[in-house]
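Structural characterization, general
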Amino acid sequence: MNRLAGERSPYLTHAADQKIDWYPWSDEAFEKARRENKSVFLSSGAIWCHWCHVMAKECFFDDEITALLNENFVSIKLDRDERPDIDRRYQRAVTAIGAGGGWPLSVFLTPDKKPFFGGTYFPPEDSLGRPGFKKVLREIIKMYQSNRQEVESFTERLMDFIRLKPAGRGEINRALLDAAQSTILSQFDPLNGGFGTAPKFPMPGAISFLLYRYFFTGNKPCGHAAIKTLEAMAKGGSHDQLKGGFHRYSVDEGWTVPHFEKMADDNAWLLRNYVDAWSIFGNEYFKEVAMGIISFTRDVLSGPEGGFYASQDADVTPDDEGGYFTWTEDDFRRVLNDEEFQVLSLHLLHERGSMHHDRSKRVLFIAAESGDIARKLKIDAGRVDDVIREGKRKLLQARQTREEPFIDATVYTSLNGMMVTSYFKAYRAFKEIAVKDFALKSLKRVLEIRWPGKELLHSDEISALSDDYIYLIEALVAAYEVSGMGEYLQKADQLMEQCIDRFWDKDGGGFFDADTAVLDLALKGVEDIPHPSANAAAIALLIKLFYATDNSLYKRYAEISLETFSANVSELGVHAGHYFCSLDAYFNMMRLTVEALPESRLADAAASLFVPYASIVYSKDRNRIIPCMGGSCYEPLENEEQLKEFIRSIRR
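For the rest of this paragraph, the subject is the packing of aromatic side chains. Taken as a whole and assessed by the stated rule, the structure comprises 41 aromatic pairs. Residues Phe215 and Phe610 carry aromatic rings whose centres are separated by 5.6 Å and whose planes lie at 85° to one another, so their mutual orientation is edge-to-face. In this pair, Phe215 sits in helix α9 (residues 204-217) while Phe610 sits in the loop between α24 (601-608) and β14 (614-618), placing the two residues 395 residues apart along the sequence. Each of the two residues, Phe215 as well as Phe610, counts as buried. Positioned over the ring face of Phe30 is Lys113, at 5.3 Å from the centre of the ring. Stacked on the ring of Phe438, the Lys or Arg Arg298 has its end atom at 3.7 Å from the ring centre.

Below is the structure:
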């Protein structure tokens, strides 16, 4: 009997019509496995995951595979967005086995939840160098029945291998920043932008680090790498050229063909990158991209009552990868007039964007700029811009008549915290009141539905993880800095005390991801995977709270966290970008004590002026701002021009 129909997760309910006897993650499932002397098959994935849908279609509706699973295993379906703590541990195990990681995650467990074999996507039969799932199941059945003692011995060795090993604390020093800068720049792809090779993920922590290093030091390679990466991503197919917002990652080095899922966390962090880049360089294109992210997340990934949704699926069906987002030449001819077709084909429709399963379908990316098109067609550049604008409007309107990919409308606390903070950053830069208002509305809703009593929740009936605490606290601090309302800071202070009480590693420092040892495996990480980890974000947040509350314990927790991870963080390179931002913040955080009414021009100027690391604290109205930095406070600033000149002097 399939038991998924009554679950909250859309990923689980989408599997409710499969003939596999799925259980949700539950003690009941493992008790059944123990009672019937069977191993457990755990399938972990997400509603947005293309290959999860492919494996479901190919394998989980196959009669032979269904029979093998139902007769020989207890099968569990897990939503990695709903239970990232469980998924994270089995990802670690499968990676240690040598089968890589990602989704769908396919893991075989003993009845005491310990993994002994796993992988990701399996086709039903041997294909493309991957073993067929039917073969895998038969081998697992044979191994579990005939070599039980060996299986259990292996699980113990595997668990020992993946447990956290105590590490000594390192030092906190500025030399780490210089070393990190060199390492991250060495991983920069000067031809295509971004870091490393395909597949290419946006690494927002590394981008932020380069932007902020450029701000403080004027280092041109840092500025160039950040600009090149942001421009390349924005002009590529990983950026939705019609609606705005970004797909999860690019399968190629040039950002042309993406995996098409669009995630709240990716877009939240990229919004911060583009806002910061506009603030530093004044490039209007970066503002356009940032506003496109806001347009997408408001229209597609949120509801009118406030709160941000988790994701948009990659596909409508697994047979037509990216079908909603891709175009043929015939599609263009149907939608556009002759002039628009001529211009938009040069601008967006290039064979380099062809899909592997159907070469006639193409991902839209900026293949030619309007100036180049104007010269080639011998028409006015302004006219080309007008035609592109009207043509894109028509294409978007036509695309919206297609069946849209599924939206996971779950309001996760962590994702909402990220997005709300990003919206406040965008408001401070662009002064769009609607952006601020929706951020405040969303924060209010999240507090109502996810913090109804003493306990914070991740989603309905799921206890919060450290990510949920850290990112909600960050959003509350951001709301305080924008509004001057002390209740936001009080709530942030209250939640941080709870977070420390529940998740702080009293022996080793840093925050565990969960307050109970799931699978008897305590984890705490600092790497960006690819969005920044709770630990990396917590450090800068603790420093802000120290400045805002004068609670010296917060500063000490930040220092201990920095020391906890500094010994090994250098080897992470680009994957530790946000940790290095937090280390940079430790040395360069500015406190702006705003002794002015929150609605005053002076307070507004303080909130609007860009500084990578700043804590705004409101105090009694004396119509002035007192800046402090690096253990020193400076002369009070009494007007906007003095404030701007102070920031210019810091940069000099």
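Moving on, we come to the nonpolar core. Ranked by size, the top nonpolar core spans 160 residues in total, and within it Tyr274, Met496 and Tyr579 carry the most contacts. Not counting the four nearest positions on each side in its chain, Tyr274 is found in contact with Leu230, Met233, Ala234, Phe246, Phe286, Val289, Ala290 and Ile293. Leu12, Ile47, Met55 and Phe60 belong to the second largest nonpolar core, which has 33 residues in total.

The next thing to look at is the sheet that holds strand β4 (residues 105-109). Strand order in the open sheet made by the 5 strands is β1-β3-β2-β4-β5, with mixed pairing throughout. At either margin of the open sheet sits one strand with a lone partner, and together these are β1 (22-24) and β5 (115-119). Averaged over all pairs of adjacent strands, the angle between their axes in this sheet comes to 25°, without regard to strand direction. In terms of strand pairing, β4 meets β5 through 4 bridges, oriented antiparallel. Bridge pairing in β5 links Val107 to Gly118. In the packing of helix α6 (residues 133-146) onto the sheet, contacts are made with β2 (39-45), β3 (73-79), β4 and β5, and the angle to β5 comes to roughly 170°.

Using the criterion set out here, one finds 2 disulfides in the structure. Here Cys628 engages in a disulfide with Cys633; their sulfurs sit 2.0 Å apart. An S-S torsion of about 100° defines the bridge between Cys628 and Cys633 as right-handed. A relative accessible area of 10% means that Cys628 is categorised as buried. Indicated for the protein chain is the disulfide connectivity 1-2, 3-4, based on numbering the bonded cysteines in sequence order. No disulfide involves Cys59; its sulfur sits 12 Å from that of Cys52, the nearest cysteine. Take Cys59: its relative accessible area is 0%, and that puts it in the buried class. In this structure Cys581 is not part of a disulfide, and its nearest cysteine sulfur, from Cys222, lies 11 Å away. With relative accessibility at 4%, the residue Cys581 sits in the buried group.

With that out of the way, let us pick up helix α7 (residues 148-162). With 15 residues, α7 ought to run about 21 Å at 1.5 Å a step, and its terminal C-alpha atoms sit 21 Å apart, in line with that. Turning to α7, its buried residues are Val151, Thr155, Leu158, Met159 and Ile162. For α7, the angular spread of buried residues about the axis comes to 100°, placing them on one side. Across α7 from its buried face, at more than 90 degrees, point the exposed residues Gln149, Glu150, Arg157 and Phe161. For α7, the secondary structure elements touched by its buried residues are α5 (84-97), β5 and α6.

What counts, and at which threshold
- Residues numbered from 1 in each chain as written.
- Predicted model: local features only at pLDDT ≥ 70, side-chain atom pairs only at ≥ 80, totals over all residues.
- Heavy atoms only, no water.
- Phe/Tyr/Trp six-rings, centres within 6.5 Å; stacked < 30°, edge-to-face > 60°.
- Helix = DSSP H or I, 4+ residues; strand = E, 2+ residues; numbered from the N terminus.
- Buried < 20%, exposed > 50% of the residue type's maximum accessible area, 1.4 Å probe, protein only.
- Lys NZ or Arg CZ within 6 Å of the ring centre and 35° of its normal.
- Core = buried A, V, L, I, M, F, W, Y, C linked by side-chain atoms within 4.5 Å.
- Contact = heavy atoms within 4.5 Å.
- Pairing = 2+ DSSP bridges.
- Axes fitted to C-alpha atoms, helices over the stretch in contact; angles between N-to-C directions.
- Disulfide = S-S within 2.5 Å.
- Expected span 1.5 Å × (residues − 1).
- Arc of directions from axis to C-beta.

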